[in-house]
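Chain residues, written in single-letter form:
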Amino acid sequence: MTATTDRDPGLQPERTRLAWRRTTLSATVVALLAVRQALHGGVTPAALVAVALSALAWLGFLLVAHRRMLRMEAARPESLAPRGALTAALCTVALAAFAAAMLF
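Residues numbered from 1 in each chain as written. Predicted model: local features only at pLDDT ≥ 70, side-chain atom pairs only at ≥ 80, totals over all residues. Heavy atoms only, no water.

- For the protein, an unreviewed UniProt entry supplies the name DUF202 domain-containing protein and the organism Streptomyces durocortorensis.
- Entered under Subcellular location (unreviewed entry) in the UniProt record, the comment concerning the protein runs "Endomembrane system". (UniProt positions renumbered as here; feature names shortened; annotations may be inferred.)

And the structure:
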């Protein structure tokens, strides 16, 4: 048994998969709260734009998380690509920025 051919990943892939699920759930809650806040004062064009942008950011994050969780099923999962990490980070920052913009 060599380290390059046989690998016992232990629980690390499962922990990583669960972390992605928790983060996706948190992003879903944030997006839903953003929709609620945007539509609280009535449906306006600005509120619809805010809802659409929040939904787009959430879908982008969901796509990255889903792809990452699927790749974690391999015996030797590959690292998260820089593009995927950047997309996840940008979606997170975008959701935070939309939330801050809705407060004003």
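## Comments concerning the UniProt feature "transmembrane region" (unreviewed entry) in the protein
- Those residues carrying the UniProt feature "transmembrane region" (unreviewed entry) are residues 45-64 and 85-103 in this numbering.
- Taken end to end, residues 45-64 is 100% helix and 0% strand, and its first and last C-alpha atoms sit 29 Å apart. (Helix = DSSP H or I, 4+ residues; strand = E, 2+ residues; numbered from the N terminus.)

## A closer look at helix H2 (residues 45-71)
- For H2, spanning 27 residues, the distance from its first C-alpha to its last is 39 Å, which sits close to the expected 39 Å at 1.5 Å a residue.
- Of all the positions in H2, only Ala47, Ala50, Val51, Ser54, Ala57, Gly60, Phe61, Val64, Ala65, Arg68 and Met69 are classed as buried. (Expected span 1.5 Å × (residues − 1). Buried < 20%, exposed > 50% of the residue type's maximum accessible area, 1.4 Å probe, protein only.)

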